[in-house]
Amino acid sequence: MWFLTLLSWLSLVLQICFATLALAAGLYYLAELVEEYTVMTGKIIKYLILATTATYICLLLFEELPFTLNATGLVTNGVYFYLLGTFPYTDFASPLFIASIVLLVFNHYLAFSYFSSIWHPFSEVLAFFTICLWLVPFAFFISLSANENVLPTISDTIQREHPDDAGDVVSSYFKQKSKKIGLLSFLKKAQETVLPQRMKKSY
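Residues numbered from 1 in each chain as written. Predicted model: local features only at pLDDT ≥ 70, side-chain atom pairs only at ≥ 80, totals over all residues. Heavy atoms only, no water.

Caption draft 1: Seen up close, the overall build of the protein. On a plain count of helices and strands, the protein comes out with eight helices and zero strands. Sequence-ordered secondary structure for the protein, helices as α and strands as β, is α-α-α-α-α-α-α-α. A buried classification covers 33% of the 203 residues belonging to the protein. Surface accessibility of the protein: about 14,100 Å² in total, with carbon and sulfur atoms responsible for 71%. (Helix = DSSP H or I, 4+ residues; strand = E, 2+ residues; numbered from the N terminus. Buried < 20%, exposed > 50% of the residue type's maximum accessible area, 1.4 Å probe, protein only. Areas by Shrake-Rupley, 256 points an atom, 1.4 Å probe, with all protein chains shown as cover.)

Printed below as a string of structure tokens:
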């Protein structure tokens, strides 16, 4: 009996490893697509925000969820929509970005408080979290890799946020280029760390 239990734990570890590898491969592929099709990614995120907003409106009309929960979700979507104004450029110190993170955390707090006090089927809870809370932030998270390839052009936003670098576009570009914190850069560094490098055969 103990041997089957040992096999079950071993298979669970293997399944977790396979699932992690599959998730990493999927994220890497999505990040590559986002980096190549930046304009299309911005349009997709815009449509996701509109779809999530329509979902919140339908919840207000047809369900008995708290008004505060739905209103916070609508305000959060409004902040997401304004974030698209500088897409794919993302400044992590901007008030809009900080406000989006704060609203996301607060919206999760409201959702956990409601669903922990009033019972709903797990499928309904998962549907709310997936569509209303996770879909748009996940799209922004995937698109962080596109932030590394913003062309060195002067925009009003960059001038306003970095007035010292407004006259030197190239220096500002390489300063931003040196700070690679996107998803694709993280996955490439993880690949270089975990996987062995190919050695060319010399004859």
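That was the structure; now back to the text.
Caption draft 2: A look at the nonpolar core. Membership of the largest hydrophobic core comes to 13 residues, with the highest contact counts inside it found for Ala111, Phe115, Phe128 and Phe129. Residue assignment for this core shows that the elements contributing at least two residues are α2 (38–62), α4 (95–117) and α5 (122–142). Considering every element that reaches this core, the biggest residue donor is α5, with five residues. Excluding residues within four positions of it along the chain, Phe129 makes contact with His108, Ala111, Phe112, Phe115 and Trp134. In terms of nonpolar packing, the next biggest core, distinct from the first, is built from eleven residues, Ile49, Leu83, Phe97 and Ala139 among them. (Core = buried A, V, L, I, M, F, W, Y, C linked by side-chain atoms within 4.5 Å. Contact = heavy atoms within 4.5 Å.)

Caption draft 3: Just a nonpolar patch on the surface, in detail. On the surface, Trp2, Phe3, Leu4, Leu6, Leu7, Leu10, Leu14, Phe18 and Leu21 cluster together to form a nonpolar patch covering roughly 1,000 Å² of accessible area. Along the chain, the position of Phe3 falls in helix α1 (residues 2–36). (Patch = residues over 30% accessible without salt bridge, like charges linked within 9 Å, V, L, I, M, F, W, Y side chains within 5 Å. Salt bridge = Lys/Arg side-chain N within 4 Å of Asp/Glu carboxyl O.)

Caption draft 4: Structural context of the packing of aromatic side chains. For the structure shown, the criterion picks out ten aromatic pairs. Each ring, one from Phe115 and one from Phe128, has its centre 5.4 Å from the other, and the planes form 55°; the classification is tilted. In this pair, Phe115 is assigned in helix α4 and Phe128 in helix α5, connecting sequence segments 13 residues apart. Each member of the pair, Phe115 as well as Phe128, is classed as buried. Here the aromatic rings of Phe128 and Phe129 are separated by 6.1 Å at their centres, their planes lie at 85°, and the arrangement is edge-to-face. Taken as a pair, Phe128 and Phe129 share a single burial class, namely buried. (Phe/Tyr/Trp six-rings, centres within 6.5 Å; stacked < 30°, edge-to-face > 60°.)

Caption draft 5: Geometry of the packing of α2 against α5. Closest axis-to-axis distance for the α2/α5 pair is 10 Å, and the angle between their directions is 160°. The orientation of α2 with respect to α5, classified from their angle, is roughly antiparallel. Here α2 runs over α5; the crossing is left-handed. Contacts between α2 and α5 involve Ile45, Leu48, Ile49, Thr52, Thr55, Tyr56 and Leu59 from the former and Phe128, Ile131, Cys132, Leu133, Leu135, Val136, Ala139 and Phe140 from the latter. Class assignment for the residues of the contact of α2 with α5 results in 13 nonpolar, two polar and no charged. (Axes fitted to C-alpha atoms, helices over the stretch in contact; angles between N-to-C directions. Parallel < 35°, antiparallel > 145°, perpendicular 65-115°, else oblique. Left-handed = near helix turned anticlockwise from the far one by under 90°. Nonpolar A, V, L, I, M, F, W, Y, C, P; charged D, E, K, R; others polar.)

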